[in-house]
Amino acid sequence: MSNKTQTVLITGASSGIGLDVAKGFLERGSNVVLNSRHSEKLASAAKVLGGGEKIALVPGDIGNKETGEKIVRTAVERFGSADVLVNNAGIFGLKPFLENSEDDIDNYIRINLKGTYFVTQAAVRQMKQQGGGSIVNIGTVLIMHSMAGLPASAALITKGGIHALTTSLASELAADNIRVNAVAPGVIRTPIYGDMDVDTFGGVALMNRVGEVHETTEAVIHLATAGFTTGVILPVDGGYVHGRA
Ligand SMILES: NC(=O)c1ccc[n+]([C@@H]2O[C@H](COP(=O)([O-])OP(=O)(O)OC[C@H]3O[C@@H](n4cnc5c(N)ncnc54)[C@H](OP(=O)(O)O)[C@@H]3O)[C@@H](O)[C@H]2O)c1
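Presented here is a report on the structure given in the accompanying data block. (Residues numbered from 1 in each chain as written. Predicted model: local features only at pLDDT ≥ 70, side-chain atom pairs only at ≥ 80, totals over all residues.)

**Looking at the overall build of the chain**
In step 1: Of the regular secondary structure elements, the chain holds six helices and seven strands.
In step 2: Along the chain, helices (α) and strands (β) appear in the sequence β-α-β-α-β-α-β-α-β-α-β-α-β when read from the amino end.
In step 3: Taking 2.2 N^0.38 as the reference for a compact globule, 245 residues should give roughly 18 Å; the C-alpha atoms of the chain span a radius of gyration of 17 Å, in line with that estimate.
In step 4: The principal-axis extents of the C-alpha atoms in the chain amount to approximately 50 × 40 × 35 Å. (Helix = DSSP H or I, 4+ residues; strand = E, 2+ residues; numbered from the N terminus. Rg over C-alpha atoms; globule rule 2.2 N^0.38 Å.)

Here is the structure:
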């Protein structure tokens, strides 16, 4: 990346992995444009991050195409560029294959797949004009290693699409100096697990523990800044993809 202050666009930045990625980029001196659906959650995230001129907030559902356009427009108006996009917003849930309704499938497609696609389209339009950029998608290691006890076909067909988007855009956009990579998290301690005791999942990883958000942030920042790396899907999973069982 150049020495110029980078502007980093992060979807789903009000909590968990996205919030910590925002913290990591702010610590590097970047400007950040934070998105999530709920403005009150975004406002408290900005407070947790210390507030200030380097943070812009764009509430909105990424499933609506205008949200991506608004995120990019805000980045350009406030900070003059859109250098890094972290496509982190997403939903996930467990439900046996035969129980998924058409509404379930539509919702995953609308948010995870179409949302990610159109936020990326808006950002790439701007990155091409600027002469380059970097995109880091958040997928899941469950695409590389599924589990009988975790029936998640509805979520995973869309997360798999995010992995496919990563490699196909890496090929298509390299000539435009735009790199596209993904982090595939294993079990990372975030609010996505609600009331569940997330540590009970630790045993599935070779490292025999769950991951912490700073560990996904390290990988996101590495991929965002690794100038000769594109098309990589990097598991951050404590070795889950190789399995203990
Ligand atoms: N934690 C894990 O173990 C794990 C493992 C594999 C993959 N992941 C992936 O990592 C990403 C982040 O998850 P997390 O664990 O950090 O969960 P989280 O704490 O629940 O955070 C999800 C974030 O996404 C936002 N969001 C949800 N739907 C949105 C939408 N339609 N438009 C805009 N923002 C939206 C949420 O805020 P609002 O409610 O305000 O919209 C929140 O900021 C997800 O894509 C998830 O699938 C997580």
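**Let's talk about the nonpolar core**
In step 1: In terms of nonpolar packing, the biggest core is built from 67 residues, with L9, I10, L34, V86, A123, V183 and V220 touching the most fellow members.
In step 2: Those residues in contact with V220, other than ones at most four positions away along the chain, are V21, V86, V136 and V183. (Core = buried A, V, L, I, M, F, W, Y, C linked by C-beta atoms within 7 Å. Buried ≥ 20, exposed ≤ 12 C-beta atoms within 10 Å, placed from the backbone. Contact = placed C-beta atoms within 7 Å.)

**Regarding helix α4 (residues 102-130)**
In step 1: For α4, built from 29 residues, the straight-helix expectation of 42 Å at 1.5 Å per residue is met to within 8% by its first-to-last C-alpha distance of 40 Å.
In step 2: Its maximal kink placed at K114, α4 deviates by approximately 35 degrees. (Expected span 1.5 Å × (residues − 1). Bend = angle between axes of the 7 residues up to and from the residue.)

**Some words on unusual backbone geometry**
In step 1: The backbone of N177 shows a phi angle near 65 degrees, a positive value even though the residue is not glycine.
In step 2: Topologically, N177 is positioned in the loop between α5 (153-173) and β6 (178-185).
In step 3: Despite not being glycine, N208 has its phi angle at roughly 60 degrees, a positive value.
In step 4: Since 11 C-beta atoms lie within 10 Å of it, N208 is described here as exposed.

**With respect to the site of the ligand**
In step 1: By nearness alone, 31 residues border the ligand, and G12, G16, R37, G90 and T190 come closest of all.
In step 2: Per-element tally for the shell around the ligand: the top contributor is helix α1 (residues 16-27), with three residues. (Near = placed C-beta within 6 Å.)

**Here we look at the packing of α4 against α5**
In step 1: Packing of α4 against α5 leaves a shortest axis separation of 8 Å and a crossing angle of 20 degrees. If you check the angle between α4 and α5, you find them roughly parallel. Remark: the crossing between α4 and α5 carries right-handed chirality. Facing α4, whose interface residues are D104, I105, Y108, I109, N112, L113, T116, Y117 and V124, α5 presents A154, A155, T158, K159, G161, I162, L165 and L173.
In step 2: When grouped by side-chain class, the residues that make up the contact of α4 with α5 number eleven nonpolar, four polar and two charged. (Axes fitted to C-alpha atoms, helices over the stretch in contact; angles between N-to-C directions. Parallel < 35°, antiparallel > 145°, perpendicular 65-115°, else oblique. Left-handed = near helix turned anticlockwise from the far one by under 90°. Nonpolar A, V, L, I, M, F, W, Y, C, P; charged D, E, K, R; others polar.)

**With respect to the sheet that holds strand β2 (residues 31-36)**
In step 1: In spatial order, the strands read β3-β2-β1-β4-β5-β6-β7; together these seven strands make up an open sheet with parallel pairing. The two strands at the open ends of the sheet, each matched to only one other strand, are β3 (55-59) and β7 (233-236). When strand polarity is set aside, the average angle formed by the axes of neighbouring strands in this sheet is 15 degrees.
In step 2: Against the sheet, helix α6 (residues 213-225) contacts β4 (84-87), β5 (133-138), β6 and β7, and its axis sits at roughly 165 degrees relative to β6. (Pairing = 2+ DSSP bridges.)

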